[in-house]
2 protein chains.
Amino acid sequence: MEAGDFKDFAKAMTDYIAEYLENIRDRQVVPSVKPGYLRPLVPEQAPEKAEPWTAVMADIERVVMSGVTHWHSPRFHAYFPTANSYPAIVADMLSGAIACIGFTWIASPACTELEVVMLDWLGQMLGLPDSFLARSGGEAGGVIQGTASEATLVALLGAKSRTMVRVKEEHPEWTETEILSKLVGYCNKQAHSSVERAGLLGGVQLRSLQPDEKRRLRGETLQEAMEEDIRKGLIPFYVVATLGTTSSCAFDDLDEIGDVCNKKDVWLHVDAAYAGSAFICPEYRYLMKGVDKASSFNFNPHKWLLVNFDCSALWLKEPRWIIDAFSVDPLYLKHDMQGSAPDYRHWQIPLGRRFRALKLWFVLRLYGVENLQKYIRKQIALAHLFEKLCIADERFEIYEDVTMGLVCFRLKGGNEKNEELLRRINGRGKIHLVPSKIDDTYFLRLAICSRYTEDSDIHVSWDEVKASADEVLKGQ
Amino acid sequence: MEAGDFKDFAKAMTDYIAEYLENIRDRQVVPSVKPGYLRPLVPEQAPEKAEPWTAVMADIERVVMSGVTHWHSPRFHAYFPTANSYPAIVADMLSGAIACIGFTWIASPACTELEVVMLDWLGQMLGLPDSFLARSGGEAGGVIQGTASEATLVALLGAKSRTMVRVKEEHPEWTETEILSKLVGYCNKQAHSSVERAGLLGGVQLRSLQPDEKRRLRGETLQEAMEEDIRKGLIPFYVVATLGTTSSCAFDDLDEIGDVCNKKDVWLHVDAAYAGSAFICPEYRYLMKGVDKASSFNFNPHKWLLVNFDCSALWLKEPRWIIDAFSVDPLYLKHDMQGSAPDYRHWQIPLGRRFRALKLWFVLRLYGVENLQKYIRKQIALAHLFEKLCIADERFEIYEDVTMGLVCFRLKGGNEKNEELLRRINGRGKIHLVPSKIDDTYFLRLAICSRYTEDSDIHVSWDEVKASADEVLKGQ
């Protein structure tokens with residue numbers, strides 16, 4: 001494909017994208033295809049000869065869109081949002097054109113340096129303490145990871161190596177395997193499944209602790225668990241505090257947890273994957289009180305801050321523990337400037353990395369802090385609107401306090417009734433939700449996911465829920 | 001940013017990208033900036049108010065391009081290539097607009113199903129046995145990973161869980177920790193550093209074995225190592241065979257290694273990250289003879305097949321070992337169609353995943369197999385041209401047979417002379433190379449990286465090398 005064709009193709013795609021997104025509300029949110037739908041729609045093999053771009057363009061609706069779940073439709077309320085914005089799409093075009101692999105500083109200085117500065121911008125927007133930021137002049141700083149799962153794992157590896165060094169000094173007679181088998185980490189039972197996975201991957205024990213009645217992990221619970229383990233001869237090394245759980249958007253008591261971790265010299269990692277974006281609004285920062293006591297902090301601008309996936313922001317106070325743990329240094333990756341700027345390959349699991357800071361730069365400049373704050377506040381207001389409608393109907397109950405853009409609700413009564421409710425809602429095909437379950441109580445989750453959502457959309461969604469409830473209750 | 005502004009911005013970016021790539025040859029390949037160059041060029045904080053897109057556009061040359069290393073310049077010969085093509089850039093635009101997270105089938109059926117079929121297309125293009133492909137109707141199939149590092153780790157985890165199950169049956173009296181401490185994997189000493197890292201991450205021993213004089217791992221070496229370990233009470237469970245090492249593009253003897261692995265029931269993973277793309281040309285498939293004996297096969301279309309990063313293709317004969325090893329199944333991710341199509345979240349480390357199959361679809365259709373083959377053959381011919389020029393100058397020697405697009409060469413004589421040569425070459429600033437070292441012999445690596453490279457560019461690069469050599473030899 002030559003430059004001329006590219007220009008025509010990219011411009012046609014631009015128009016297609018604008019048309020798709022501006023009218024996304026009119027599409028069926030979840031497609032009605034069955035597994036295996038796509039294979040008969042395309043040839044069995046790649047074509048021998050090049051096709052014209054118009055042929056590909058003509059196939060997009062037929063092959064792709066017919067099987068797409070439209071995450072950016074105001075009718076989509078499943079999971080948590082994933083970001084999508086025009087500035088981020090254009091930034092990714094530039095990233096694709098430069099297409100550098102920024103594993104070291106020299107491999108593309110702009111790729112590393114824009115990331116360092118953007119993570120400083122973002123950290124300041126959130127009100128993170130300077131002790132997390134590169135601008136403080138120390139070793140601290142931020143890095144873009146692919147996902148929160150990777151951030152949790154990277155922090156765990158840092159915690160592991162920091163503790164290994166300390167314990168080896170205290171007990172030079174212990175072998176590495178012995179120490180490893182004594183390490184124990186902690187998280188809320190409601191923490192994301194990726195925390196459990198990080199433990200499996202890192203080969204260490206992780207204990208899931210019982211939260212309080214508000215689904216928050218509390219300091220006392222943590223302290224008791226640690227002391228119990230210490231009595232058994234184990235070594236607490238890592239705690240994950242979740243700010244905004246996936247099931248119900250609950251917030252661990254970071255301030256209490258932080259005190260316990262600091263007293264015991266344990267690495268505290270904050271997983272604020274979804275809710276972290278809200279901290280750009282000062283009125284929500286009370287939920288991260290105690291963040292200064294953490295060793296690492298992570299949230300996903302690719303969830304709720306209009307920066308397309310993947311862009312998971314991780315700040316580390318002492319990146320050296322990660323850098324040193326996995327430093328493999330072949331000659332072909334060495335360069336003369338080593339040490340004067342971060343070589344981000346040491347801060348992550350994979351070696352390769354794209355120029356993702358461009359997306360942050362474009363989004364932060366083309367929205368401005370003010371509009372991003374407006375966006376977050378509006379999404380939370382929309383959740384409260386749904387909550388209000390729900391409360392006004394006495395057949396329903398709210399399962400969890402609404403703090404962010406997630407409403408957890410259910411029909412009063414048993415789980416079966418609510419399972420039937422969800423089947424009806426999704427079966428009608430107009431909106432899409434997923435359920436969750438805590439302590440054997442099944443409930444529905446309605447997340448505000450689209451940047452196109454308006455009050456009128458919430459009324460549409462509520463009408464769907466209500467009509468489905470009518471069906472369920474009539475049937476009983 | 002509204003749709004109208006997006007259209008203007010994306011179209012301006014399209015023109016900018018075409019201009020950038022078509023004239024990339026004229027830019028200085030590595031920028032002359034010093035660490036810290038970027039921070040003074042941008043404000044200390046994100047702007048409060050939205051800026052116009054024209055302001056961002058105006059900053060691209062000043063802030064970004066002034067610090068970019070141009071990986072797609074014909075003057076760039078470092079590392080290995082990373083892909084960049086117009087069809088892939090446009091496909092990523094569409095992926096950004098749809099912006100679904102394809103962790104399960106229902107989360108966007110098209111995202112999963114196009115990936116299944118594209119990995120079948122690609123596998124057939126490479127001549128992979130049907131036992132790796134989904135079209136065979138069994139459990140086998142392909143998946144897109146972010147990087148080869150992740151593919152190596154995923155395969156290692158599959159190998160680990162397969163072996164754990166077998167050994168637990170044979171020795172119900174052994175604990176999991178006992179078995180784990182006995183597991184041992186193997187790779188060529190010249191394998192990529194990410195293989196060592198996968199071992200560290202997976203918490204298992206990996207032994208680096210001595211290759212033969214052609215830097216190939218041989219079956220006999222592997223067999224001896226395994227038998228030695230078995231005598232010690234260890235359990236061989238995983239072997240990585242490298243097709244195209246990073247240092248010198250050497251090829252392990254897959255056929256011999258495969259026999260040893262099959263005899264001992266050991267998982268064989270093939271890492272063909274760079275060289276795998278060449279197997280679309282039948283004349284290079286002799287280098288992957290024995291691939292039918294492998295359990296998993298990985299290569300990076302994002303290196304040498306014109307599909308932008310990230311797109312690392314991994315095929316698994318028995319994905320169930322990976323699916324079962326890390327299956328954490330919260331209610332909010334369950335769906336009614338589970339089992340009738342892959343839920344790719346179980347095939348990878350992170351939970352989230354973009355719609356990356358679009359890039360493959362666009363590139364394969366808009367180039368066609370024929371043009372992709374032409375592209376590979378031309379790049380290899382360009383490497384042979386450089387080799388010929390090098391051989392004709394009696395001051396130089398070729399360090400390794402040229403098979404693909406990499407030439408390993410050096411000035412006859414000691415390492416210092418060659419270190420000085422590289423310093424001069426990169427110091428002149430016209431082309432960019434990195435070195436490597438095997439068994440204390442330092443050499444230079446010249447990789448053909450750009451799709452714009454022509455014969456005349458190779459002559460320019462050779463002239464630079466020659467002129468630098470003149471300087472070095474005159475100085476002595």
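Residues numbered from 1 in each chain as written. Chains lettered and ligands numbered in written order. Predicted model: local features only at pLDDT ≥ 70, side-chain atom pairs only at ≥ 80, totals over all residues. Heavy atoms only, no water.

As a further point, take the UniProt feature "modified residue: N6-(pyridoxal phosphate)lysine" (unreviewed entry) in chain A. When the UniProt feature table is mapped onto this chain, "modified residue: N6-(pyridoxal phosphate)lysine" (unreviewed entry) is found at A:Lys303. Apart from the residues within four sequence positions on either side, A:Lys303 is in contact with A:Phe80, A:Pro81, A:Thr82, A:Ala83, A:Ala273 and A:Tyr274. (UniProt positions renumbered as here; feature names shortened; annotations may be inferred. Contact = heavy atoms within 4.5 Å.)

In an α-helix, one turn spans 3.6 residues, which is why side chains three or four residues apart end up on the same side. Look at helix H2 (residues 53–64) of chain A: 15 Å from first C-alpha to last across twelve residues, which is about the 16 Å you get at 1.5 Å a residue. Those residues of H2(A) not exposed but buried are A:Trp53, A:Val56, A:Met57, A:Asp59, A:Ile60, A:Val63 and A:Val64. Looking straight down H2(A), one finds that the buried residues subtend no more than 165° of arc, so they occupy a single side. As for H2(A), its buried residues are in contact with helix H1 (3–22) of chain A together with helix H3 (86–98), helix H4 (109–126) and helix H12 (357–392) of chain B. (Helix = DSSP H or I, 4+ residues; strand = E, 2+ residues; numbered from the N terminus. Expected span 1.5 Å × (residues − 1). Buried < 20%, exposed > 50% of the residue type's maximum accessible area, 1.4 Å probe, protein only. Arc of directions from axis to C-beta.)

The next point concerns the relation of the copies chain A and chain B. Once chain A has been moved 0.0 Å along the axis and rotated by 180°, it coincides with chain B to within an RMSD of 0.0 Å. Expressed as a symmetry operation, the mapping of one chain copy onto the other fits a two-fold axis. Most of the interface of chain A is mirrored in chain B: 100% of its interface residues are interface residues there too. (Least-squares fit on C-alpha atoms with pLDDT ≥ 70 in both.)

Mapped onto the elements, A:Val29 comes out in the loop between H1 and H2. Under the relative-accessibility criterion, A:Val29 is labelled buried at 1%.

Attention shifts here to the sheet that holds strand S4 (residues 235–242) of chain A. Residue and element names in this part refer to chain A. Taken together, the seven strands give an open sheet; going across it, the order is S1-S7-S6-S5-S4-S2-S3, and neighbouring strands pair in mixed fashion. If you trace the sheet from one side to the other, it starts and ends with strand S1 (141–145) and strand S3 (205–209), each paired once. For this sheet the average axis-to-axis angle between neighbouring strands, irrespective of direction, equals 20°. Pairing analysis gives four bridges linking strand S6 (residues 296–299) to strand S7 (residues 312–316), with the strands arranged antiparallel. When the sheet's bridge partners are listed, Phe299 is paired in S7 with Ala313. Packing of helix H4 (residues 109–126) onto the sheet brings it into contact with S1, S6 and S7, and relative to S7 it is tilted by some 85°. Sheet strands in contact with helix H9 (residues 254–264) are S4 and strand S5 (267–271), and its direction is about 160° off that of S5. (Pairing = 2+ DSSP bridges. Axes fitted to C-alpha atoms, helices over the stretch in contact; angles between N-to-C directions.)

The next thing to look at is the packing of H1(A) against H3(B). Two numbers describe how H1(A) lies on H3(B): the axes approach to 10 Å, and their chain directions differ by 5°. Judged by the inter-axis angle, H1(A) sits roughly parallel to H3(B). For the pair H1(A) and H3(B), the contacting residues are A:Ala3, A:Phe6, A:Phe9, A:Ala10, A:Met13, A:Thr14, A:Tyr16, A:Ile17, A:Tyr20 and A:Leu21 in the first and B:Tyr86, B:Ile89, B:Val90, B:Met93, B:Leu94, B:Ala97 and B:Ile98 in the second. For the contact of H1(A) with H3(B), the class distribution of residues is 16 nonpolar, one polar and no charged. (Parallel < 35°, antiparallel > 145°, perpendicular 65-115°, else oblique. Nonpolar A, V, L, I, M, F, W, Y, C, P; charged D, E, K, R; others polar.)

What follows covers the packing of helix H8 (residues 219–231) of chain B against helix H9 (residues 254–264) of chain B. Residues and elements named next belong to chain B. Close contact between H8 and H9 brings their axes to 8 Å; oriented N to C, the two are set at 25°. Between H8 and H9, the angle falls in the class roughly parallel. For the pair formed by H8 and H9, the contact residues are Gly219, Glu220, Leu222, Gln223, Met226, Glu227 and Ile230 on the first element and Glu256, Ile257, Val260, Cys261, Lys263 and Lys264 on the second. Of the residues that constitute the contact of H8 with H9, the class distribution is six nonpolar, two polar and five charged.

It is worth spelling out the side chain of B:Thr69 at this point. Here B:Thr69 lies in the loop between helix H2 (53–64) and H3. Among the polar contacts made by the side chain of B:Thr69, one reaches the main-chain carbonyl oxygen of A:Ile106 at a distance of 2.9 Å. Apart from the residues within four sequence positions on either side, B:Thr69 is in contact with A:Cys100, A:Ile106, A:Ala107, A:Ser108, A:Pro109, B:Val29, B:Val30, B:Pro31 and B:Phe76. (Polar contact = N/O pair within 3.5 Å; in protein donor to acceptor, adjacent residues only side chain to side chain.)

In this structure, A:Met13, A:Phe297, A:Phe355, A:Met404, B:Met13, B:Phe297 and B:Met404 are the most contacted members of the largest nonpolar core, which totals 264 residues. Other than its neighbours up to four places away in sequence, A:Met13 contacts A:Met57, A:Ile60, B:Val90, B:Met93, B:Leu94 and B:Phe362. Core analysis: the second largest hydrophobic core is formed by 63 residues, A:Val143, A:Val167, A:Val195 and B:Tyr238 among them. (Core = buried A, V, L, I, M, F, W, Y, C linked by side-chain atoms within 4.5 Å.)

Once that is clear, we can look at a negative patch on the surface. A cluster of like negative charges, contributed by A:Glu19, A:Glu22, B:Glu2, B:Asp5 and B:Asp8, occupies part of the molecular surface. Topologically, A:Glu22 is positioned in helix H1. (Patch = residues over 30% accessible without salt bridge, like charges linked within 9 Å, V, L, I, M, F, W, Y side chains within 5 Å. Areas by Shrake-Rupley, 256 points an atom, 1.4 Å probe, with all protein chains shown as cover. Salt bridge = Lys/Arg side-chain N within 4 Å of Asp/Glu carboxyl O. Lys, Arg positive; Asp, Glu negative; His and termini not counted. Charge placed at Lys NZ, Arg CZ, Asp CG, Glu CD.)

Residue and element names in this part refer to chain A. Scanning the model with the defined rule gives 40 aromatic pairs over all chains in all. Look at Tyr344 and Trp347: their rings are 5.2 Å apart centre to centre, the planes differ by 80°, and that puts the pair in the edge-to-face class. The exposure classification of Tyr344 matches that of Trp347, with both residues buried. Of note, Lys317 hangs over the ring of Phe132, and the distance from its end group to the ring centre comes to 5.0 Å. Sitting above the plane of the Tyr86 ring, Arg451 keeps its charged end 4.8 Å from the centroid. (Phe/Tyr/Trp six-rings, centres within 6.5 Å; stacked < 30°, edge-to-face > 60°. Lys NZ or Arg CZ within 6 Å of the ring centre and 35° of its normal.)

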